[in-house]
Amino acid sequence: MTQNQLKQATAQAAVDYVAQHLPQGGILGVGTGSTTNFFIAALAPLKDRLGGAVASSEATRQRLTQIGVPVVDLNEVESLAIYVDGADEIDAGLSMMKGGGGALTREKIVAAVANTFVCIADASKQVETLGRFPLPVEVIPMATRQVARRLAALGGNPRLREGFVTDNGNSILDVHGLVITDPVSLEAEINQIVGVVTNGLFAARGADVLLLATEDGVRRVFRP
């Protein structure tokens, strides 16, 4: 199977999960990225049973609108039954690295109010230790150099994502060369650096369910 076929398989598994577990008229949280785009396309047959969706980015909002799903402001929602999103990396404990598409802050906010976080990924995203993929860190633009120095002191090699501005008007530093053995602690430590909005470690609030597409089918993995 090609990687796109694997993405389509996990996306369809997520639609089936939503059909089974989301109450009629429920509000769904929807992430950002290439795998999530397959999920949005496959979601169209369920649009009439959804009360709406909260989007984690402007790109996702546009895609949801195109298939006829009303987009709801998160401030109008007390909680979400399910949030579906992809990952750049995910480990055995279902801690994730996210933010390759630059939507990490809004993704983290939406995930924080979801009862169940469903991660959709193909087998290439599963790793033993996080850090092969550069860690995205969203920063206030005036603090970019100061934050970069602090990240370098942690052992990383931060590089500015050139020509990119987040939906929040901020910059992203992609930190290369980290070997992340304690993602919960590192997530908290980086978030304490003045000028950091948030970082792409989703460990304090990791996935609850992983729908992992493999050559042998889609496996359900639950958070330990």
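Structure shown above.
Scoring rules and cut-offs
- Residue numbers run consecutively from 1 along every chain, following the written order of its sequence.
- Restriction of local features to residues with pLDDT of at least 70 applies here, the model being predicted, together with a cutoff of 80 or more for giving and counting side-chain atom pairs; totals for whole chains, interfaces and linings are based on all residues.
- Side-chain calculation: all heavy atoms of the structure are included, whereas hydrogens and water are not.
- By convention in these notes, a salt bridge is any Lys or Arg side-chain nitrogen within 4 Å of a carboxyl oxygen on Asp or Glu.
- For helices the rule is a DSSP run of H or I covering at least 4 residues; for strands it is a run of E covering at least 2, with both sets numbered from the N terminus onward.
- For each residue, the accessible area found with a 1.4 Å probe, counting protein chains only, is set against the maximum for its type, and the residue is called buried under 20%, exposed over 50%, and partly exposed in between.
- Stacked, tilted and edge-to-face pairs are distinguished by plane angle, under 30 degrees for stacked and over 60 for edge-to-face with tilted covering the rest, among Phe, Tyr and Trp rings (Trp via its six-membered ring) whose centres lie within 6.5 Å.
- Whether a charge sits over a ring depends on NZ of Lys or CZ of Arg being within 6 Å of the ring centre and within 35 degrees of the ring normal.
- Here, the term nonpolar core denotes a set of buried Ala, Val, Leu, Ile, Met, Phe, Trp, Tyr and Cys residues that are joined through side-chain atoms within 4.5 Å.
- Note on definitions: a residue-residue contact is assigned when non-hydrogen atoms from the two residues lie within 4.5 Å.
- Two strands qualify as a pair provided that DSSP identifies no fewer than 2 bridges between them.

Student: Help me understand the pattern of salt bridges, please; the structure alone is not making it clear to me.
Tutor: All told, the structure shown has eight salt bridges when counted by the stated rule. Note that lysine 98 is salt-bridged to aspartate 85, the shortest N-O span being 2.8 Å. Separated by 13 residues along the polypeptide, lysine 98 in the loop between strand 5 (96-97) and helix 4 (104-112) and aspartate 85 in strand 3 (residues 80-85) bring together distant segments of the chain. A salt bridge links lysine 98 to glutamate 107; the nearest nitrogen and oxygen atoms lie 3.4 Å apart. On the accessibility criterion, lysine 98 (2% relative accessible area) is buried. A cluster of three or more residues bridged by salt bridges with shared partners is formed by Glu58, Arg61 and Arg106.

Student: Would you take a moment to explain the packing of aromatic side chains for this structure?
Tutor: Remark: the centre distance and the inter-plane angle together describe each pair of aromatic rings, the angle taken between the planes. Summed over all chains, the structure comprises one aromatic pair. For lysine 108, the ring lying beneath its charged end belongs to phenylalanine 202, and the centroid distance is 5.0 Å. When the ring centre of phenylalanine 164 is taken as reference, the NZ or CZ atom of arginine 161 above it lies at 5.2 Å.

Student: So what exactly am I meant to see when it comes to the nonpolar core here?
Tutor: Generally speaking, soluble globular proteins have nonpolar side chains that are buried together. Counting 26 residues, the largest nonpolar core has Leu28, Phe39 and Val84 as its most contacted members. When contributions to this core are tallied by element, the ones reaching two or more residues are helix 1 (3-21), strand 1 (27-30), helix 2 (34-43), strand 2 (52-55), strand 3, strand 6 (114-122) and strand 12 (209-214). Ranked by residues supplied to this core, first place goes to helix 1 with six residues. The residues contacting valine 84, other than those within four sequence positions of it, are Ala14, Val18, Leu28, Gly29, Val30, Gly31, Thr36, Phe39, Val118 and Ile120. Of all hydrophobic cores here, the second largest spans 22 residues; its members include Ile27, Val54, Ala87 and Ala111.

Student: Mind showing me how you'd approach the sheet that holds strand 4 (residues 89-90) here?
Tutor: Within a sheet, each strand pairs with its neighbour through backbone hydrogen bonds, oriented either parallel or antiparallel. Taken in spatial order, the three strands line up as 4-5-11 in an open sheet, and their pairing is antiparallel. One side of each edge strand has no neighbouring strand; the edge strands of this open sheet are strand 4 and strand 11 (201-202). Bridge analysis of strand 4 against strand 5 gives two bridges, and the strand direction is antiparallel. Each bridged residue has a counterpart across the sheet, and for isoleucine 90 the counterpart in strand 5 is methionine 96.

Student: In this structure, what is going on with the pairing of strand 13 (residues 217-222)? I would like to understand it.
Tutor: Two faces, one strand: in a regular strand the side chains alternate between the faces of the sheet. Relative to strand 13, strand 12 runs antiparallel, the two sharing six bridges. Each residue of the ladder has a partner; that of threonine 214, found in strand 13, is glycine 217. Counting the residues between successive antiparallel strands, the hairpin from strand 12 to strand 13 contains two residues.

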